[in-house]
Amino acid sequence: LFSQNKGLMILSFVCLTVSAIAGVASSVFLKELVGQIDLGLEYGLNAVLTSLITIFVVMGSVYLSSIICNFVQSRIMATVTQKFLHQIRTGVFNKMQSLPIRYFDTHKTGDIMSSYTNDTDAIRQLVSQSIPHLYSALISVTTLLVIMFTTSIWLSLVIFLGVALMSVITKVIGGNSAKFFIRQQNSLGQE
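In this report, the structure presented in the accompanying data block is examined. (Residues numbered from 1 in each chain as written. Predicted model: local features only at pLDDT ≥ 70, side-chain atom pairs only at ≥ 80, totals over all residues. Heavy atoms only, no water.)

With respect to the packing of aromatic side chains
Each aromatic ring pair is specified by the distance between its two centres and by the angle formed by the two planes.
For step 1, the next point in the chain: Taken as a whole and assessed by the stated rule, the structure comprises 2 aromatic pairs.
For step 2, the next point in the chain: Summarising the aromatic geometry, the rings of Phe13 and Tyr135 are spaced 4.7 Å apart at their centres and angled 80° between planes, so their arrangement reads as edge-to-face. Separated by 122 residues along the polypeptide, Phe13 in helix α1 (residues 6-43) and Tyr135 in helix α4 (residues 109-151) bring together distant segments of the chain.
For step 3, the next point in the chain: For Tyr135, a relative accessible area of 25% puts it in the partly exposed group.
For step 4, the next point in the chain: Pairing Phe149 with Phe160 gives two aromatic rings, centres 5.8 Å apart and planes at 25°, and the pair type is stacked. Linking Phe149 in helix α4 with Phe160 in helix α5 (residues 153-190), this pair joins segments that are 11 residues apart in sequence.
For step 5, the next point in the chain: Residue classification places Phe160 among the partly exposed residues on the basis of a relative accessible area of 36%. (Phe/Tyr/Trp six-rings, centres within 6.5 Å; stacked < 30°, edge-to-face > 60°. Helix = DSSP H or I, 4+ residues; strand = E, 2+ residues; numbered from the N terminus. Buried < 20%, exposed > 50% of the residue type's maximum accessible area, 1.4 Å probe, protein only.)

The structure is reproduced here in structure tokens:
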């Protein structure tokens, strides 16, 4: 997949990176926008009008670049995925052509085709959706962590402590509720 489509895959990941960073950057622009509105309420609209226009133009450009990158990335991945699936299907078909007849006598035709179709569909979903989504999420989380730690280290630590506490509480409550769920299912099965 990557060796045969190196240029397209690099362009796709560049577009994913730009799109993910643009999605996170909106929070930074909103902070600046609220700050300028606060100054405008204090000193008047004329004092902050050029700053507001600049922020809107930059925000619009960032959002537009995100939309364009999403579109380009979607088209590239659709093309790459279809080409890759064609190669897989051709390879599987050629392999099936070389199998002995006794293989088809011992396996149901529906099982063979179902396995063939399901596996191909799983690969399609991995290539076209899962890998790009995982990469985009990784870039978003990394960018958010950088923004959080540059804004306030102490507030970031409080957030991580809160997330850890929520995870522990969820595990405890989930573990206890699982016992009751199993009891409920057993009592339903006995009726």
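Thoughts on the packing of α1 against helix α2 (residues 45-98)
For step 1, the next point in the chain: Running from amino to carboxyl end, α1 crosses α2 at an angle of 160°, the nearest separation of the two axes being 8 Å. Comparing the axis directions of α1 and α2 gives the class roughly antiparallel. The handedness of the crossing between α1 and α2 is left-handed.
For step 2, the next point in the chain: Residues belonging to the contact of α1 with α2 are distributed by class as follows: 28 nonpolar, 10 polar and 1 charged. (Axes fitted to C-alpha atoms, helices over the stretch in contact; angles between N-to-C directions. Parallel < 35°, antiparallel > 145°, perpendicular 65-115°, else oblique. Left-handed = near helix turned anticlockwise from the far one by under 90°. Nonpolar A, V, L, I, M, F, W, Y, C, P; charged D, E, K, R; others polar.)

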